[in-house]
There are 2 protein chains.
Amino acid sequence: MKTILFSLPGNEVLTELLATKMKAEVGQATMRKFPDGESYTRILSEVKDKCVVLVCTLHEPDEKLLPLYFLSHTAKSLGATCTCLIAPYLAYMRQDKVFNEGEGITSGFFGKLISGFADSMTTVDPHLHRISALSEVYHIPNKVIRAADAISDWIKENVEYPVLIGPDSESEQWVSEVAKNANAPFTVLQKVRHGDRDVEVSVPDVEKYKNATPVLVDDIISTARTMIETVQHLKMAGMKPPICVGIHAVFSGNAYQDLLDSGVQKIVTCNTIPHPSNAIDLSDILAKEVKELMPHI
Amino acid sequence: MKTILFSLPGNEVLTELLATKMKAEVGQATMRKFPDGESYTRILSEVKDKCVVLVCTLHEPDEKLLPLYFLSHTAKSLGATCTCLIAPYLAYMRQDKVFNEGEGITSGFFGKLISGFADSMTTVDPHLHRISALSEVYHIPNKVIRAADAISDWIKENVEYPVLIGPDSESEQWVSEVAKNANAPFTVLQKVRHGDRDVEVSVPDVEKYKNATPVLVDDIISTARTMIETVQHLKMAGMKPPICVGIHAVFSGNAYQDLLDSGVQKIVTCNTIPHPSNAIDLSDILAKEVKELMPHI
């Protein structure tokens, strides 16, 4: 079966990369707003009997949902065999339980909505906390891509003497994996609590790594507050300015500039959300894995 | 069964009016955005075993859809018996057929989406063209409220010597109904086509109405182009500055100011979309009719 990819507005670069690697066509569509704020959708390429791949990262999801929903339904109405969603960044993964009485579990509601119009879903490192598998909220074939190996490769190629830094004990498992594949040492910041507001943070083995380049790794950089705090601790411990690596460049408000100004050497992200900091390309692994979810007729 | 109304952001005034007239409670909810653009939903009032009415006009619908969807699901997860949507202005009624190959029929797609999470839908004069009944696209109990009588009443109370004006022959049926109930005469602009670009527009019986106040009536004022054009024709015919009445104050871009500047006496709309021009209150008829759709246990 033939595959045709469509970029939702803003996803054009990744869509072209994926199409090349999947040896597939990029479809043409008109998606615009009427003066009254309603969306207009028109597919200009032939989609009949084809597998349609919709590329739509779901950062700032509210205004993206209807255009995506309309494009999927329009493709189906024109005879597409299936619509496979690639959402490199997946929204609504954090509200996965009732923290305060009366709250809605939006991760489940959102999953149900997407599962109602897409036939499969591929994403990169979703923020899984209490939800241990994406299948708990997405009742369609789905695949989680891990960015760890691509990050390790980038560190090997770009940082001469790296030491990976985890901001807290929770990050140890993740940081140790990236460090291992990058053949680099790692250390995890330690917090000793002396009282409610008196927390002492120390960098273990700091003397050993005085000449190394610290590399901080996190999944989502949103407000960047955790990362900025960690940068301050490394500075106080006398380490070199660090490189900050995030998978998802969410960067709400002035977070990107604030992190740049905090004394980092560089900020690097994966291309799951288009952003000037994108330097780690995941299109190889995405192109490979998305095919696994397609119907094989 | 007890009824509780919730206002989606921006619908507070109408919600309070409806609650008073329905002798029902207004529920409290927290609806805000996280810094990364995701929506947060929390219902603070008791909704268990109650009929929940969601008041959400659907002008500029794309960003409103998810908060509405989340609030409905949250209410259900907290034990609400039903969620009844009041959308005084209903979006996506114009793309009701494939005008150009490849287009999506968004009226149907949108109707399917709303029908998937709301148990009933009440709206005011939706833009029905090729769709003759709302039930063709909304597969839930639904009710269309007509604003005509409220408009007639407003004209009777506020305009001393009115003459109703229809911009074209299509509007005759509608304008004649409003005129009849307002005990006012009406006339419809006539177009004589001399060639592709040579269209002569005349106002019949213009001499008869030189001292009357022209009242233009339309369902949606969006770009206001039709209305501004009609105002020019009346001016050229030597009539007084007209009063423009619209049901739905969509007013895209600078349309409101442009229409004000075109030489009108006044612009008046119904309160289906909150706007400074709102002067005709439909809460009485909405409160009365929405009850008809509620489950009676």
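Every value quoted in this text rests on a predicted model; they were computed, and no experiment measured them.

Caption draft 1: How the structure looks around the packing of helix α1 (residues 12-22) of chain A against helix α8 (residues 283-290) of chain A. All names here are of chain A. Following both chains from N to C, one finds α1 and α8 inclined at 60 degrees, their axes separated by 9 Å at the closest point. On the basis of the axis angle, α1 is oblique to α8. α8 is crossed by α1, and the crossing has right-handed handedness. Every residue of α8 that contacts α1 at Leu 14, Leu 17, Leu 18, Lys 21 and Met 22 is listed here: Ser 283, Asp 284, Leu 286, Ala 287 and Val 290. Across the contact of α1 with α8, the residue classes tally to seven nonpolar, one polar and two charged.

Caption draft 2: Expanded view of the nonpolar core. Counting 71 residues, the largest nonpolar core has Phe 110, Ile 114 and Tyr 138 of chain A together with Phe 110, Ile 114 and Tyr 138 of chain B as its most contacted members. When contributions to this core are tallied by element, the ones reaching two or more residues are β1 (3-7), β5 (51-55), α2 (62-77) and α3 (106-115) of chain A together with β1 (3-7), β5 (51-55), α2 (62-77) and α3 (106-115) of chain B. The contacts of Ile 114 of chain B, once residues within four sequence positions are left out, are Leu 58, Leu 65, Leu 85, Met 121, Tyr 138 and Ile 140 of chain B.

Caption draft 3: Up close: the pattern of salt bridges. Residue and element names in this part refer to chain A. Going through the model one piece at a time under the given rule, you end up with 22 salt bridges over all chains. For Lys 288, the salt bridge is made with Glu 289, and the minimal N-O distance between the two is 3.5 Å. Assessed through its relative accessible area of 14%, Glu 289 is described here as buried. Overlapping salt bridges, with partners in common, bring together Lys 21, Asp 281 and Asp 284 in one network.

Caption draft 4: Seen up close, the interface of chain A and chain B. Taken together, the contact between chain A and chain B spans 44 residues of the former and 45 residues of the latter. Roughly 3600 Å² is buried in total at the junction of chain A and chain B, and carbon and sulfur atoms are behind 58% of that figure. Scanning the region where chain A abuts chain B turns up four salt bridges. Residues Arg 94 of chain A and Asp 36 of chain B are paired through a salt bridge, measuring 2.5 Å at the closest nitrogen-oxygen approach. The biggest single contributor to the side of chain A that touches chain B is α2 of chain A, with 10 residues. Here the residues of the side of chain A that touches chain B sort into 18 nonpolar, 15 polar and 11 charged.

Caption draft 5: Structural view of the packing of helix α4 (residues 148-158) of chain A against helix α5 (residues 172-181) of chain A. Residue and element names in this part refer to chain A. Taken N-terminus to C-terminus, the directions of α4 and α5 make an angle of 50 degrees; their axes are 8 Å apart at the nearest point. Accordingly, the angle class assigned to the pair α4 and α5 is oblique. Where α4 crosses over α5, the handedness of that crossing is right-handed. For the pair α4 and α5, the contacting residues are Ala 148, Asp 149, Ile 151, Ser 152, Ile 155 and Lys 156 in the first and Trp 174, Glu 177, Val 178 and Asn 181 in the second. Taken together, the residues of the contact of α4 with α5 sort by class into five nonpolar, two polar and three charged.

What counts and how
Residues numbered from 1 in each chain as written. Chains lettered and ligands numbered in written order. Predicted model: local features only at pLDDT ≥ 70, side-chain atom pairs only at ≥ 80, totals over all residues. Heavy atoms only, no water. Axes fitted to C-alpha atoms, helices over the stretch in contact; angles between N-to-C directions. Helix = DSSP H or I, 4+ residues; strand = E, 2+ residues; numbered from the N terminus. Parallel < 35°, antiparallel > 145°, perpendicular 65-115°, else oblique. Left-handed = near helix turned anticlockwise from the far one by under 90°. Contact = heavy atoms within 4.5 Å. Nonpolar A, V, L, I, M, F, W, Y, C, P; charged D, E, K, R; others polar. Core = buried A, V, L, I, M, F, W, Y, C linked by side-chain atoms within 4.5 Å. Buried < 20%, exposed > 50% of the residue type's maximum accessible area, 1.4 Å probe, protein only. Salt bridge = Lys/Arg side-chain N within 4 Å of Asp/Glu carboxyl O. Buried area = accessible area lost by both parts, 1.4 Å probe.

Nothing here speaks to function; it is all geometry.
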